[in-house]
Amino acid sequence: NDANRTLVVYGAGGDPLLVQWCNQEDYATWTPAADNTAGSIRCESGSEIVGRIQCRGGHLISTDASVYTFSYIGLPFVFRLDIQAQGSAMIGPHCGVQQDNITYWMGKDGFYQYDGSVLPLPCDVHAYVFGRLNTVQAHKVFAGTIRAYNEVIWFYCSTSSTEVDSCVAYSTLEKTGWTGDLGRTSWLDSNVAVPYPLGVDTSKIVH
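Residues numbered from 1 in each chain as written. Predicted model: local features only at pLDDT ≥ 70, side-chain atom pairs only at ≥ 80, totals over all residues. Heavy atoms only, no water.

**Some points on the sheet that holds strand 12 (residues 142-146)**
Strand pairing in a sheet relies on backbone hydrogen bonds, with the paired strands running either antiparallel or parallel.
(1) Moving on: The strand order 12-13-14-15 describes an open sheet built from four strands, whose pairing is antiparallel. Only two strands of the sheet have a single neighbouring strand rather than two, namely strand 12 and strand 15 (177-180). Going from strand to strand, the sheet's axes swing by 20 degrees on average, the running direction of each strand aside.
(2) Moving on: Pairing of strand 13 (residues 151-156) with strand 14 (residues 166-171) involves six bridges; the strand directions are antiparallel. The residue bridging tryptophan 154 from the neighbouring strand is valine 168, located in strand 14. (Pairing = 2+ DSSP bridges. Helix = DSSP H or I, 4+ residues; strand = E, 2+ residues; numbered from the N terminus. Axes fitted to C-alpha atoms, helices over the stretch in contact; angles between N-to-C directions.)

Right, here's the structure in full:
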């Protein structure tokens, strides 16, 4: 956790709902004691933790049933876990991204954002995407950003493939989406060193 240089483990100790953290700046100490900050807390809704995304003030943690915020609060409790929404669960571990202090992710039945509260995204291509999404390969969904155009993009497997072969992008300004047959297994947005977004396709070719 960046807030206090603490290593956090999700699904710790064989418990798929347990969030556990080590002593501050000491990844060898995990047992809570009066003289350290190690501890744990459990998500109470769902059967397993699906994913985690950075959000304003901390991180979003999603089980397969609910979405929580996980934030640093200092001693004596160190971290707190607050449920934000029942449902709206992340579809996979890499399905979310943060842009301009707003967190976006693909859920099992729609697209969502968190800017202090969980809200569904109005998306005009929703029916098309979820009508052809290969749910068996949902764990392969991953998100990226195209900051030059104020867009968030998701890559996913269609029902005709077991590998990522499709994409959907959402304009955070215009509130509209576009779709394509673009298969990328990784994504790097443009930055100071890279003038254009780069992605790797299923043949391991960089574009």
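**Re the packing of aromatic side chains**
(1) Moving on: In total, this model carries nine aromatic pairs according to the counting rule given.
(2) Moving on: Geometrically, the ring pair formed by tryptophan 21 and phenylalanine 79 is edge-to-face, given 4.9 Å between the ring centres and 65 degrees between the ring planes. One end of the pair, tryptophan 21, is in strand 2 (residues 18-21); the other, phenylalanine 79, is in strand 7 (residues 78-86), with 58 residues separating them in the sequence.
(3) Moving on: By relative accessible area, tryptophan 21 is classed as buried at 3%.
(4) Moving on: Taking the centre distance of 4.7 Å and the plane angle of 15 degrees together, the rings of phenylalanine 70 and phenylalanine 79 count as stacked. The burial state of phenylalanine 70 is the same as that of phenylalanine 79; both residues are buried.
(5) Moving on: Following the ring pairs from residue to residue traces out a cluster consisting of Trp21, Phe70, Tyr72 and Phe79. (Phe/Tyr/Trp six-rings, centres within 6.5 Å; stacked < 30°, edge-to-face > 60°. Buried < 20%, exposed > 50% of the residue type's maximum accessible area, 1.4 Å probe, protein only.)

**Brief notes about the environment of proline 16**
(1) Moving on: Relative to the assigned elements, proline 16 resides in the loop between strand 1 (8-10) and strand 2.
(2) Moving on: The class of proline 16 is partly exposed, set by a relative accessible area of 38%.
(3) Moving on: Linking proline 16 and tyrosine 104, residues 88 residues apart in sequence, is a C-alpha distance of 23 Å.
(4) Moving on: Filtering out sequence-adjacent residues up to four positions away, proline 16 remains in contact with Gly11, Ser47, Glu48 and Ile49. (Contact = heavy atoms within 4.5 Å.)

**Some remarks on the pattern of salt bridges**
(1) Moving on: Scanning all chains against the criterion turns up five salt bridges.
(2) Moving on: Between arginine 42 and aspartate 15 there is a salt bridge, and its shortest N-O distance comes to 2.8 Å. Placement of the pair is arginine 42 in strand 3 (residues 39-42) and aspartate 15 in the loop between strand 1 and strand 2, with a sequence separation of 27 residues.
(3) Moving on: Put simply, glutamate 44 and arginine 42 hold a salt bridge, and the shortest N to O gap is 4.0 Å.
(4) Moving on: The class of arginine 42 is partly exposed, set by a relative accessible area of 36%. (Salt bridge = Lys/Arg side-chain N within 4 Å of Asp/Glu carboxyl O.)

**A look at the environment of serine 203**
(1) Moving on: Inspection of the secondary structure puts serine 203 in the segment after strand 17 (198-200).
(2) Moving on: C-alpha of serine 203 to C-alpha of glycine 92: the two residues are 111 residues apart in sequence and 22 Å apart in space.

**A short note on the pairing of strand 6 (residues 66-74)**
(1) Moving on: Taking burial as the measure, the nine residues of strand 6 include seven buried ones, the bulk of the element.
(2) Moving on: Judged from the four bridges that link them, strand 5 (residues 58-63) and strand 6 form a sheet pairing that is antiparallel. Of the residues in strand 6, the one forming a bridge with histidine 59 is phenylalanine 70.
(3) Moving on: Here strand 5 hands over to strand 6 after two residues, the two strands then running antiparallel side by side.
(4) Moving on: Pairing analysis gives eight bridges linking strand 6 to strand 7, with the strands arranged antiparallel. Its bridge partner being in strand 7, threonine 69 is matched across the sheet by aspartate 82.
(5) Moving on: Linking strand 6 to strand 7, which pair antiparallel, is a turn of three residues.

**Here's the deal with the side chain of asparagine 36**
(1) Moving on: Following the sequence through the fold, asparagine 36 ends up in the loop between strand 2 and strand 3.
(2) Moving on: Take asparagine 36: its relative accessible area is 15%, and that puts it in the buried class.
(3) Moving on: A polar atom in the side chain of asparagine 36 sits 3.1 Å from the backbone nitrogen of alanine 33.
(4) Moving on: At 3.0 Å, the side chain of asparagine 36 and the backbone nitrogen of alanine 38 are in polar contact.
(5) Moving on: In this view, asparagine 36 contacts Asn23, Thr29 and Thr31; residues no more than four positions away in its chain are not counted. (Polar contact = N/O pair within 3.5 Å; in protein donor to acceptor, adjacent residues only side chain to side chain.)

Everything listed here is a matter of geometry and, on its own, says nothing about what the molecule does.
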